[in-house]
Amino acid sequence: VRTVEKLAVEGGTPVRVEPVPPRIVIGVEERAAVLELLDREMASGGGFDRYGGTEVDCFEREFAEHVGTRFATATSSGTAAIHSALATLHLEPGDEVISPPVTDAGAVMPIVWQGCIPVFADVDEETFNLDPYSVAERITPRTRALIVTHLAGQPADLEPLLALARRHQLTVIEDCAQAHDAAYHGKLVGGIGHIGAFSLMSGKHTVAGGQGGMVVTNDEEMYWNAKRFADRGKPFNSTESKNLFLGLNYRMTELEAAIGRVQLRKLPEVVQRRRTLAASLAERIADLETVRLGKVIDGVESAYWFLFLLVDALRLRVTKQRFAEAVQAEGLPVTPSYDHIVYDAPWLRDHQTFGHSGYPWSIAAHAQAAENLEPCPNARRAVASHILVSLHEGWTKREVDDLATALRKVEQAFQVD
Ligand SMILES: Cc1ncc(COP(=O)(O)O)c(C=O)c1O
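If you're wondering where the values come from, they're calculated on a predicted model, not measured in any experiment.

K.L.:
Got a sec to walk through the pattern of salt bridges? Specific residues and values, please.
P.N.:
Evaluated as defined, the whole model comprises 34 salt bridges. Here Glu18 ties to Arg398 by a salt bridge, and the two come within 3.0 Å at their closest N and O atoms. Linking Glu18 in the segment before helix H1 (28-44) with Arg398 in helix H13 (residues 397-414), this pair joins segments that are 380 residues apart in sequence. In this structure, Arg380 and Asp344 form a salt bridge, with 2.8 Å as the shortest nitrogen-oxygen distance. Of this pair, Arg380 sits in helix H12 (residues 377-385) while Asp344 sits in the loop between strand E13 (334-335) and helix H10 (346-349), and the two are 36 residues apart along the sequence. Judged by its relative accessible area of 34%, Arg380 is partly exposed. For Asp344, a relative accessible area of 30% puts it in the partly exposed group. Connected via shared salt-bridge partners are Arg16, Glu18, Arg398, Glu399 and Asp402.

What follows is the structure, given as structure tokens:
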């Protein structure tokens, strides 16, 4: 007879009482960079705008060099980076852009702001990343671009997606918001598709103050257009003297760039540490039967923004939700699901966009595209079967051990015999 320890959720002693260490993002190096910049701005009369300073210029050069692209242009957020990348395509209202359904709203809203229709293709049930077969099915004569998100740090399978894009003359925008320094076939994500977008907001692997973003590309014209769009259509690299086209002000400030530059130098270590911790957890729970690390496809190196754990609820007496709550009660930071299916949200589901117009779906020719907002069953199943762990580089062997112990304890209590 198996001896089962009483779970904390049922009044037993938790595996861990002491809080898991918080993620500390900003260190003395960032502090020094900010104070130095502050002194410079006070002496020069500057106000942290990039014009008049050098931090944003340097950050862009360093970021491009890091990712391995010819160009980078900084923006005020990841949403702004996606928007600027998309705007380089000068799409027509009603054009279609394919996106995965499980992503941040900030990766989809720019499609609609550009008057285009987001079309959701289904994902691999274990990685949450775009399934090329589903993408192929959703391509229509109006499709212009794919937004390929590398979710939770894991690169999407880019090769078949790029092949599809070549066949149908589509632009591939890589959304690297959650995948800084993730690698696909030995190359860092961002510079593999036509254009890449990063979020540098405070929770990401590398940050630029509270908010920030970066667009990277090897295509010079795309670079200039992203830079122009992110600065109200200013005529950079043009013989025209007035604003060229409709844009927005998405500029990054000197303060954000000063922090971002220091952070970028720390990035390889941050990602390496997360990889080591993930591997160590996988090893420690290898014998468990109802829970394991989510799949990582061949030829990629995940950057583990967070960890997906796949829970086999059919072998448990409880739901995945209850399983996660029991692990939480043991004192470990797990979340019951990553429930970010974008088309479930009212703004998209009910087309709450431009007044009551229903624009851009109201464009008659797109009744068919609107029907494509059908649920993506794999995405639904992926959300239903995974829990996530907010692992970060500040964890030590102790946190990994405690998590493994908690998972084992909860499995033993809930596993069906
Ligand atoms: C996959 C993805 N894309 C885009 C964004 C938007 O980035 P931001 O919050 O910097 O605007 C996020 C933000 O979390 C994200 O996770």
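K.L.:
Residues and numbers for the site of the ligand, please.
P.N.:
Near the ligand, the surroundings consist of 13 residues, among which Gly78, Thr79, Asp175, Ser199 and Lys204 are the closest. Side-chain polar atom of Asp175 to a nitrogen atom of the ligand: 2.6 Å apart, as the coordinates give it. Interatomic distance of 2.7 Å between a side-chain N/O atom of Lys204 and an oxygen atom of the ligand.

K.L.:
Outline the sheet that holds strand E7 (residues 187-188), listing residues and values.
P.N.:
Pairing is antiparallel in the open sheet, where three strands are placed in the order E7-E6-E11. Each edge of the sheet is formed by a strand with only one pairing partner; in this case those strands are E7 and strand E11 (300-301). The pairing of strand E6 (residues 183-184) with E11 spans two bridges and is antiparallel. Each residue of the ladder has a partner; that of Ala183, found in E11, is Glu301.

K.L.:
Talk me through the packing of aromatic side chains; I want residue IDs and the actual numbers.
P.N.:
Taken as a whole and assessed by the stated rule, the structure comprises 13 aromatic pairs. With centroids separated by 6.1 Å and ring planes inclined at 75°, the aromatic side chains of Phe308 and Tyr338 adopt a geometry described as edge-to-face. One end of the pair, Phe308, is in strand E12 (residues 307-311); the other, Tyr338, is in the loop between E13 and H10, with 30 residues separating them in the sequence. These aromatic residues form a ring-pair network of at least three members: Phe128, Trp305, Phe306, Phe308 and Tyr338. Sitting over the face of the ring of Phe236, Lys227 holds its NZ or CZ atom 4.5 Å from the ring centroid.

K.L.:
Give me unusual backbone geometry: which residues, what numbers.
P.N.:
Between Tyr359 and the following residue, Pro360, the backbone shows a cis peptide bond with an omega angle of 5°. Note on placement: Pro360 falls in the loop between H10 and helix H11 (367-371). Despite not being glycine, Phe48 shows a phi value in the positive range, around 75°. Looking at where Phe48 falls in the secondary structure, it is placed in the loop between H1 and helix H2 (55-67). For His351, which is not glycine, the phi torsion reads 55° and is therefore positive. Of note, His351 is situated in the loop between H10 and H11.

K.L.:
Can you break down the sheet that holds strand E4 (residues 143-149) residue by residue, with the values?
P.N.:
If you walk across this open sheet you meet the seven strands as E1-E9-E8-E5-E4-E2-E3, and the pairing is mixed. Bordering the open sheet on either side are strand E1 (71-75) and strand E3 (117-120), each of which pairs with just one other strand. Taking the axes of each pair of neighbouring strands and ignoring which way they run, one obtains an average angle of 25° across the sheet.

K.L.:
Please provide a residue-by-residue account of the state of the cysteines, values included.
P.N.:
One pass over the structure, following the stated rule, counts zero disulfides. In this structure Cys376 is a free cysteine whose sulfur lies 19 Å from that of Cys116, the closest cysteine sulfur available.

K.L.:
So what's going on with the pairing of E3? Residues and values would help.
P.N.:
Side chains of E3 alternate between two faces, with Ile117 and Val119 and Pro118 and Phe120 buried alike. In this structure, strand E2 (residues 96-99) lies alongside E3, joined through four bridges in parallel fashion. From the neighbouring strand, Ser99 faces E3, where its bridge partner is Phe120.

K.L.:
For the nonpolar core, give the residues involved together with the corresponding values.
P.N.:
Counting residues in each nonpolar core, the largest one holds 62 residues, and the members touching the most others are Val97, Val102, Val135, Leu146, Val148, Phe308 and Tyr338. For this core, the element with the most residues is helix H6 (residues 158-168), which contributes five residues. Discounting chain neighbours no more than four positions away, the residues touching Phe308 are Phe128, Leu151, Ala152, Arg292, Leu293, Gly294, Tyr338, His386, Ile387 and Leu388. Within the second largest apolar cluster, 33 residues are counted, among which are Leu307, Val311, Val400 and Leu403.

K.L.:
So what's going on with the pairing of strand E14 (residues 386-389)? Residues and values would help.
P.N.:
Where burial is concerned, the two faces of E14 agree: the one with His386 and Leu388 and the one with Ile387 and Val389 are both buried. Judged from the four bridges that link them, E12 and E14 form a sheet pairing that is antiparallel. Looking across to E14, one finds that Leu307 is bridged to Val389. Where E13 meets E14, two bridges bridge the pair, whose relative direction is antiparallel. For Val334, the partnering residue across the bridge sits in E14 and is Val389.

Each value, and the rule that gives it
Residues numbered from 1 in each chain as written. Predicted model: local features only at pLDDT ≥ 70, side-chain atom pairs only at ≥ 80, totals over all residues. Heavy atoms only, no water. Salt bridge = Lys/Arg side-chain N within 4 Å of Asp/Glu carboxyl O. Helix = DSSP H or I, 4+ residues; strand = E, 2+ residues; numbered from the N terminus. Buried < 20%, exposed > 50% of the residue type's maximum accessible area, 1.4 Å probe, protein only. Near = heavy atom within 4 Å. Polar contact = N/O pair within 3.5 Å; in protein donor to acceptor, adjacent residues only side chain to side chain. Pairing = 2+ DSSP bridges. Phe/Tyr/Trp six-rings, centres within 6.5 Å; stacked < 30°, edge-to-face > 60°. Lys NZ or Arg CZ within 6 Å of the ring centre and 35° of its normal. Axes fitted to C-alpha atoms, helices over the stretch in contact; angles between N-to-C directions. Disulfide = S-S within 2.5 Å. Core = buried A, V, L, I, M, F, W, Y, C linked by side-chain atoms within 4.5 Å. Contact = heavy atoms within 4.5 Å.

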